[in-house]
Amino acid sequence: MVEEVVTSYSYTFTEKQFSANGTKALGVLEWTLAGDGGYWSYEATKGQHLGSGSKPYKYLTLSTSDFKSEVNKIVLETSGGSSVNATCTITVGGIQIGDAIKITSTSTVYPFEATTALKGDIVISYSQTSSKAIYIKKIEIN
């Protein structure tokens, strides 16, 4: 049996998927959530809710090793709680693609583009100096 190779991917959070750190299938790929937060929920307009004011993720990663094709671009729809002070970066095979972005409290679509096609583990990383929720609504890989 030949395993199908995924060449593009899109996942939109339409309900709470993570109730703790760990691995979940989001569509056809498995993603692993890791970090120091302690709260998980869902908000229809912003997506998967990670962390809270009293149990924030000061640092979190969402990663997958299931995407085997070359990556040229990753589009992330994300946001944070009110007055969030957080940045997000994405790496593919250990190489950062695009620039680090400072997320806002408004759900925003951010494109991360590679200068050359890359292969390897995809890691979406957040860090914050505030103590706010982080939200992820949609992930697209091209």
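The following paragraphs examine the structure supplied in this document. Counting restarts for each chain: residues are numbered from 1 in the order of the written sequence. Note on the predicted model: pLDDT of at least 70 is required for a residue's local features to be given, and 80 or more for side-chain atom pairs to be given and counted; whole-chain, interface and lining totals, by contrast, use all residues. Note that the side-chain values use all heavy atoms of the structure and ignore hydrogens as well as water.

**A word on the sheet that holds strand E11 (residues 122–128)**
And then number 1: Strands were regarded as paired on the criterion that DSSP finds at least two bridges between them. The helix and strand labels rest on DSSP assignments: H or I over at least four residues marks a helix, E over at least two residues marks a strand, and numbering proceeds from the N terminus. Pairing is antiparallel in the open sheet, where 6 strands are placed in the order E2-E3-E6-E11-E8-E9. Each of the sheet's edge strands pairs with one partner strand only, and the pair in question is strand E2 (22–26) and strand E9 (95–103). Each strand of the sheet is rotated relative to its neighbour by a mean of 20 degrees, with strand direction disregarded.
And then number 2: Two strands pair when backbone bridges link them, and E2 and strand E3 (residues 29–35) are joined in this way by 5 bridges, in the antiparallel orientation. When the sheet's bridge partners are listed, Thr 23 is paired in E3 with Thr 32. Helix axes use the C-alpha atoms of the stretch in contact, all axes being lines fitted to C-alpha atoms, and the angles between their N-to-C directions lie in the range 0 to 180 degrees.

**Comments concerning the pairing of strand E1 (residues 9–12)**
And then number 1: Under the scheme applied here, a residue whose accessible area is under 20% of the maximum for its type counts as buried, over 50% as exposed, and between as partly exposed, the area being computed with a 1.4 Å probe on protein chains only. Residue alternation in E1 divides its side chains into a buried set, Tyr 9 and Tyr 11, and an unburied set, Ser 10 and Thr 12.
And then number 2: By the bridge criterion, 4 bridges tie E1 to strand E12 (residues 134–141) in an arrangement that is antiparallel. Bridge pairing in E12 places Tyr 9 opposite Ile 141.

**Quick word on the side chain of Lys 137**
And then number 1: In this fold, Lys 137 is placed in strand E12.
And then number 2: The charge count treats Lys and Arg as positive and Asp and Glu as negative. His and the chain ends do not count. Any carboxyl oxygen of Asp or Glu that lies within 4 Å of a side-chain nitrogen of Lys or Arg is treated as forming a salt bridge with it. Buried charge without a salt bridge: Lys 137, with Glu 77 as the nearest opposite-charge side chain at an N-O distance of 6.4 Å.
And then number 3: Nitrogen and oxygen atoms within 3.5 Å of one another constitute a polar contact, given that in protein one can donate a hydrogen and the other can accept it, and given that sequence-neighbouring residues count only through two side-chain atoms. Within the structure, the side chain of Lys 137 is placed 2.6 Å from the backbone oxygen of Ala 44, a separation counted as a polar contact.

**Regarding the packing of aromatic side chains**
And then number 1: Note on aromatic pairs: the rings of Phe, Tyr and Trp (six-membered ring only in Trp) are paired at centre separations within 6.5 Å, and the planes decide the class, stacked below 30 degrees, edge-to-face beyond 60, tilted for the rest. This structure, assessed with the given rule, holds 2 aromatic pairs.
And then number 2: Ring centres 6.1 Å apart and planes at 40 degrees place the aromatic pair Tyr 9 and Trp 31 in the tilted group. Separated by 22 residues along the polypeptide, Tyr 9 in strand E1 and Trp 31 in strand E3 bring together distant segments of the chain.
And then number 3: When the ring of Tyr 11 is compared with that of Phe 13, the centres are 5.1 Å apart and the planes differ by 85 degrees; the resulting orientation is edge-to-face. Just as Tyr 11 is buried, Phe 13 falls in that class too.

**Topic: the environment of Gly 38**
And then number 1: The topology assignment puts Gly 38 in the loop between E3 and strand E4 (40–43).
And then number 2: C-alpha of Gly 38 to C-alpha of Val 28: the two residues are 10 residues apart in sequence and 26 Å apart in space.
And then number 3: Any two residues having at least one pair of non-hydrogen atoms within 4.5 Å are treated as being in contact. Setting aside anything within four residues of it in sequence, one finds Gly 38 in contact with Lys 55 and Tyr 57.

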